[in-house]
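Next come the chains, spelled out residue by residue.
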Amino acid sequence: IGAAEAAKAVELAEVPQGSGSIFHPGYAAPPVQTREEVLRQAAAEGLTLHGSDRHGSGFKGVHKQKQNCKARPYLAKLRKPRAKHLGTFPTAEQAALAYARALAANPGVE
């Protein structure tokens, strides 16, 4: 993806600024949303969360981090054409929503 497309994906998946944490200065963990809240948000935005059994999270583009990160155990990232970290999230559904937003903003990436 080009610079403009990457910037748009980051903007869509950005975590709101807050008080921060020791691991993410300047950023607070996004508020935890229930599965139903995330599905309603995705539907309102016209997005589909892509299911997958490959990574243990249940969603494509979402991985459970191996480190002991309790506040944000799920990582969302694009793989193709180049790896692009989209952020870490408290639930797999929220990470899947960030992945779906990045796909919508950048057709043809994965």
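Quantities reported herein were computed from a predicted structural model and do not represent experimental measurements. (Residues numbered from 1 in each chain as written. Predicted model: local features only at pLDDT ≥ 70, side-chain atom pairs only at ≥ 80, totals over all residues. Heavy atoms only, no water.)

Topic: the sheet that holds strand 3 (residues 84–89)
- What the 3 strands build is an open sheet, ordered 1-2-3; its pairing is antiparallel. Lying at the two open borders of the sheet, with one neighbouring strand each, are strand 1 (62–64) and strand 3. Each strand of the sheet is rotated relative to its neighbour by a mean of 25°, with strand direction disregarded. (Pairing = 2+ DSSP bridges. Helix = DSSP H or I, 4+ residues; strand = E, 2+ residues; numbered from the N terminus. Axes fitted to C-alpha atoms, helices over the stretch in contact; angles between N-to-C directions.)

Quick notes on the nonpolar core
- Grouped together as the largest cluster of nonpolar side chains are 21 residues, with contacts concentrated most on Leu 49, Val 62 and Leu 78.
- When residues of this core are assigned to their parent elements, the largest contribution, 9 residues, is made by helix 3 (residues 92–105). (Core = buried A, V, L, I, M, F, W, Y, C linked by side-chain atoms within 4.5 Å. Buried < 20%, exposed > 50% of the residue type's maximum accessible area, 1.4 Å probe, protein only.)

Quick notes on the pattern of salt bridges
- Inspection of every chain in the model, using the stated rule, returns 2 salt bridges.
- The residue Arg 35 makes a salt bridge to Glu 93 at a minimum N-O spacing of 2.9 Å. Within this pair, whereas Arg 35 is found in helix 2 (residues 35–44), its partner Glu 93 is found in helix 3, the two being separated by 58 residues in sequence.
- The exposure class assigned to Arg 35 is partly exposed, which follows from its relative accessible area of 42%.
- Between Glu 45 and Arg 101 there is a salt bridge, with its nearest N and O atoms 2.7 Å apart. Within this pair, whereas Glu 45 is found in the loop between helix 2 and strand 1, its partner Arg 101 is found in helix 3, the two being separated by 56 residues in sequence.
- The class for Glu 45 is partly exposed, based on a relative accessible area of 33%. (Salt bridge = Lys/Arg side-chain N within 4 Å of Asp/Glu carboxyl O.)

Just geometry here; none of it tells us what the structure is for.
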